[in-house]
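What follows is each chain in one-letter form.
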Amino acid sequence: QVQLVESGGGLVQPGGSLRLSCAASGIIFRIYDMVWYRQAPGKQRELVAAITRGGATNYADSVKGRFTISRDNAKNTMYLRMNSLKPEDTAAYYCNAQVRIGVRDDTYDYWGQGTQVTVSS
């Protein structure tokens, strides 16, 4: 079984920074696309940033220039550096990964349980 565990959330003042991590563990042959999503109360889950295994990235317009996604394939870990945080960034942040557990296996989607980010003075 594959587990994704997010960490790094917390309470931060507007303009502050946080770095989220998403660590994958278990039986893993290869991780392909990794994605950060977020969901604020009463709103739909939205894509924040995505990164391919090769390092190509994609961002929501609302976070471009403020957030940076990265990954360490050797550690099966993804990061999200969040700068210039705004109250509207407040949400539960979830990581998602496409994982193949064996060379002959299919690729499946896995989700973490989320980490809360609250931006407030």
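First, a word on what this report is: a plain description of the structure on this page. (Residues numbered from 1 in each chain as written. Predicted model: local features only at pLDDT ≥ 70, side-chain atom pairs only at ≥ 80, totals over all residues. Heavy atoms only, no water.)

1. Overview of the packing of aromatic side chains
Then step 1. According to the stated counting rule, one finds one aromatic pair in the structure shown.
Then step 2. A cation over an aromatic ring shows up here: Arg45 above the ring of Tyr94, its NZ or CZ 3.9 Å from the ring centre.
Then step 3. Lying across the ring of Trp111, Arg45 places its NZ or CZ 4.9 Å from the centre. (Phe/Tyr/Trp six-rings, centres within 6.5 Å; stacked < 30°, edge-to-face > 60°. Lys NZ or Arg CZ within 6 Å of the ring centre and 35° of its normal.)

2. Quick look at the state of the cysteines
Then step 1. One pass over the structure, following the stated rule, counts one disulfide.
Then step 2. Note on cysteine connectivity: Cys22 is disulfide-linked to Cys95, with sulfurs 2.1 Å apart. Taking the sign of the torsion about the S-S bond as the criterion, the disulfide between Cys22 and Cys95, at about 60 degrees, is right-handed. Here Cys22, found in strand β3 (residues 18-26), pairs with Cys95, found in strand β9 (residues 91-100); they are 73 residues apart in sequence, far enough to count as distant. (Disulfide = S-S within 2.5 Å. Helix = DSSP H or I, 4+ residues; strand = E, 2+ residues; numbered from the N terminus.)

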